[in-house]
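Geometric and topological summary
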Amino acid sequence: MRAAVRNHSRVSRDALIGAGMDRHLWVLQRMAAERGLAPPLFESEAYRRLSKIVISTSTLSSPALANGGFGPFHPDCFAVGYVIRADGCGGQIMTYQRDSTGFADCMVAAMREMRDVLHVDS
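Since the structure is predicted, the reported quantities are computational estimates derived from the model, not experimental observations.

The next thing to look at is the pattern of salt bridges. A full pass over the atoms with the stated rule returns 5 salt bridges. Two residues, D14 and R10, come together in a salt bridge whose shortest N-O distance is 3.5 Å. Here the residue D14 and the residue R10 both occupy positions in helix α1 (residues 2–16), the gap between them amounting to 4 residues, near one helical turn. The exposure class of D14 is partly exposed, given its relative accessible area of 23%. Residue class for R10 comes out partly exposed when judged on its relative accessible area of 39%. Of the charged contacts in the structure, one is a salt bridge between K52 and D76, with a shortest N-O distance of 2.7 Å. Here the residue K52 occupies a position in the loop between α3 (45–51) and β1 (55–59), and D76 occupies one in the loop between β1 and β2 (78–85), the gap between them amounting to 24 residues. Since its relative accessible area comes to 42%, K52 is described here as partly exposed. Taken together, the shared-partner salt bridges in this structure form one network comprising E45, R48 and R49.

See the structure below:
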């Protein structure tokens, strides 16, 4: 769990400062497209898989926000807005005709399991 948290923190920090690998590739693809170029990398199955965002998250942690939201990128995407505060956490799930209730149930179960593993009082 600690290794996963460290890695997530690193990836999040990189993304925050624009150093996420996916952002670099996205910009290179856009620059190529503006010049009428289509490098084979961006036509590959590997890149299509990498580019298909299935879960998109956004932290809504400002005290100025009571709620917030954003939408999924494509029909297979789940958009998850969440907030973590001293007194608890909350979130919203948006999707296009996918099982958002089932996804929310799985998230709640996972959070409860993490709480139990970490021995945190509810």
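Its place among the elements puts Q97 in the loop between β3 (88–95) and α4 (100–117). On the basis of relative accessible area, Q97 is assigned to the exposed category, the value being 84%. Separated by 37 residues in sequence, Q97 and L60 have C-alpha atoms that sit 24 Å apart.

Attention now goes to the side chain of S56. Inspection of the secondary structure assignment puts S56 in strand β1. Given a relative accessible area of 9%, S56 falls into the buried group. Beyond its immediate stretch of four places on either side in the chain, S56 contacts F70, F73, C77, F78, A79 and V80.

So, on to α1. Compared with the 21 Å implied by 1.5 Å per residue over 15 residues, the 21 Å span of α1 between its first and last C-alpha is a close match. Just downstream of α1 lies G18, where phi reads positive at about 80°.

Spatial strand order, β1-β2-β3: 3 strands in an open sheet with mixed pairing. At either end of the open sheet lies a strand with only one pairing partner, and these are β1 and β3. Adjacent strand axes in the sheet meet at a mean angle of 20°, parallel and antiparallel pairs treated alike. The strands touched by α4 within the sheet are β1, β2 and β3, with β3 carrying the most contacts at an inclination of about 155°.

What counts as what
- Residues numbered from 1 in each chain as written.
- Predicted model: local features only at pLDDT ≥ 70, side-chain atom pairs only at ≥ 80, totals over all residues.
- Heavy atoms only, no water.
- Salt bridge = Lys/Arg side-chain N within 4 Å of Asp/Glu carboxyl O.
- Helix = DSSP H or I, 4+ residues; strand = E, 2+ residues; numbered from the N terminus.
- Buried < 20%, exposed > 50% of the residue type's maximum accessible area, 1.4 Å probe, protein only.
- Contact = heavy atoms within 4.5 Å.
- Expected span 1.5 Å × (residues − 1).
- Pairing = 2+ DSSP bridges.
- Axes fitted to C-alpha atoms, helices over the stretch in contact; angles between N-to-C directions.

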